[in-house]
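# Structural description and commentary
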Amino acid sequence: MGPITLRWTNPIGTAQYQIKISPYNNDGPGVNLIIGDALLVSSSSFTINPPVFGQGNYVLLPGMSYSWQVRVTTSTLPVSEGASVWGPWSSKNTFRTPAPSSSSIGLVSPSHGSTISGAEVALQWQNAASDIFYYEVQVSTDPQFKTGSGAIASVWQNLVHGGVTNPPNTWYTPQLQSGATYYWRVRPRVQGDGTPVSWSPTWSFTTPGGSPQPVSTSVNNVEAEVLVRINQIRQAHGLSTLSENGYITDAARNHSADMAAQEAMSHTGSDGSGPGDRMTWAGYSWSAYGEIVAYGYNTPQTVVDAWMNSPAHRDVILYGVFQEFGAGLIYSSSGRPYWTVDFGLGR
């Protein structure tokens, strides 16, 4: 992605201009600047330089549309955005950034097919396209990374700003199952009205000792029973039943897997994420969301009863706005069950 220069014609007497550059649907960073430099004002233009990896500026994301507008003032004094001396905004103009590719992404560490020394690992990649800095990373014991009703294992899906991690282009896993082979891949993140690109090659590594514990069909059935019980409760209270959403299910399973790996219950993930972050990363576009979690309960009935006996959890279950949900059950290495149910209202 090279420099992008926006050009227009300033009226005679223009002393300052304000320019706004917004990503499609405001999905990402933008620009909102007041420019008073005489040389820049006289040029009637503004240039957005591509990011310098590890330094910035991190503004434009690849493969999506941006709109931009300009307004001017003849005032030579410092002017705030809300001042009355500004002229009207120009009509909106648009441009589109070039689509990225995964073809230039390569593996750094761990070596493909290697056995790592501990239960956590730093996954690192490199990209010959130095202007790409925002990535999606997937990690799973399933080499096909299946999600939704066809899932056989949890799939961690994470957004990584490769320009600010240390080392660059790195994601640190949570604690992983022992004796399991994990597969991972990465691709540039595309947002807004962009089209997601293909993934990098899939790489693998194995954790030492133990044996893998994938999500089994029986666990999927238990998750489904939790959803059935919640819908029965909503129906009994005069509320609409909810539909299972595969993206929400992925978010719930990922969070249960994270809690199980940490042996700790929380709505905050080990990476600092909240429920809304995880649902977005899983691919769900929400306008409202909720989450309930638990651990130690061995059956769908006991965990749902516990939630209904807790006013805060009961309120989430009986919140009338929600239309979709998904459940995740993962057992820790010590055999303790960790439960998550996520709820959503789509955009």
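Up top is the structure.
### Re the overall build of the protein chain
Looking only at helices and strands, one finds six helices and 18 strands in the protein chain. Once the C-alpha set of the protein chain is aligned to its principal axes, its extents read approximately 75 × 55 × 30 Å. Evaluated residue by residue, the protein chain yields a buried proportion of 49% over its 347 residues. Nonlocal contacts in the protein chain, meaning residues at least 24 apart in sequence, comprise 71% of its contacts between residues at least 6 apart. When the accessible surface of the protein chain is split by element, carbon and sulfur atoms take 50% of a total near 15,900 Å². Once the 16 positive and 21 negative side-chain charges of the protein chain are each reduced to a mean point, those two points are 6 Å apart.

### Details of the sheet that holds strand β15 (residues 243-244)
One key point about sheets: their strands pair by backbone hydrogen bonds, in either a parallel or an antiparallel sense. Taking strand neighbours across the sheet as the criterion, the four strands line up as β15-β17-β18-β16 in an open arrangement whose pairing is mixed. Two strands lie at the open edges of the sheet, namely β15 and β16 (286-295), each paired on one side alone. By the bridge criterion, nine bridges tie β16 to strand β18 (residues 337-346) in an arrangement that is antiparallel. Among the inter-strand pairings, Tyr295 is bridged to a residue of β18, identified as Tyr338. Running at roughly 30° to strand β17 (residues 324-331), helix α3 (residues 246-262) makes contact with β15, β16, β17 and β18 of the sheet.

### Focus: the pattern of salt bridges
For the structure on display, the rule yields nine salt bridges. By sharing partners, the salt bridges in this structure join Glu136, Arg187 and Arg189 into a single network.

### Points about the packing of aromatic side chains
Scanning the entire structure with this criterion turns up 13 aromatic pairs. Consider the rings of Tyr319 and Phe322, whose centres lie 5.0 Å apart with planes at 75°: the pair is edge-to-face. When its relative accessible area of 42% is taken as the criterion, Tyr319 is described as partly exposed. On the basis of an interplanar angle of 25° and a centroid distance of 5.5 Å, the ring pair of Phe322 and Phe343 is categorised as stacked. You can see Phe322 sitting in the loop between α6 (311-317) and β17 and its partner Phe343 sitting in strand β18, a full 21 residues away along the chain. Across the pair, exposure class does not vary: Phe322 and Phe343 are buried alike. Among the aromatic residues, those joined into a cluster by ring pairs are Trp125, Tyr135, Trp184 and Trp203.

### Here's the deal with the environment of Ser333
Mapped onto the fold, Ser333 is located in the loop between β17 and β18. According to the relative accessible area criterion, Ser333 is exposed, its value standing at 68%. Sequence separation of Ser333 and Ser178 is 155 residues, and the distance between their C-alpha atoms is 8.3 Å.

### A word on the pairing of strand β10 (residues 134-140)
Sheet faces and side chains relate simply in a regular strand, where the side chains alternate between the two faces. With six of seven residues buried, β10 is to be regarded as a mostly interior element. Where β10 and strand β11 (residues 155-161) come together, seven bridges link them in antiparallel fashion. For Val137, the partnering residue across the bridge sits in β11 and is Asn158. Two strands pair when backbone bridges link them, and β10 and strand β13 (residues 181-188) are joined in this way by six bridges, in the antiparallel orientation. When the bridges of β13 are listed, Tyr135 appears paired with Pro188.

Conventions we followed
Residues numbered from 1 in each chain as written. Predicted model: local features only at pLDDT ≥ 70, side-chain atom pairs only at ≥ 80, totals over all residues. Heavy atoms only, no water. Helix = DSSP H or I, 4+ residues; strand = E, 2+ residues; numbered from the N terminus. Buried < 20%, exposed > 50% of the residue type's maximum accessible area, 1.4 Å probe, protein only. Contact = heavy atoms within 4.5 Å. Areas by Shrake-Rupley, 256 points an atom, 1.4 Å probe, with all protein chains shown as cover. Lys, Arg positive; Asp, Glu negative; His and termini not counted. Charge placed at Lys NZ, Arg CZ, Asp CG, Glu CD. Pairing = 2+ DSSP bridges. Axes fitted to C-alpha atoms, helices over the stretch in contact; angles between N-to-C directions. Salt bridge = Lys/Arg side-chain N within 4 Å of Asp/Glu carboxyl O. Phe/Tyr/Trp six-rings, centres within 6.5 Å; stacked < 30°, edge-to-face > 60°.

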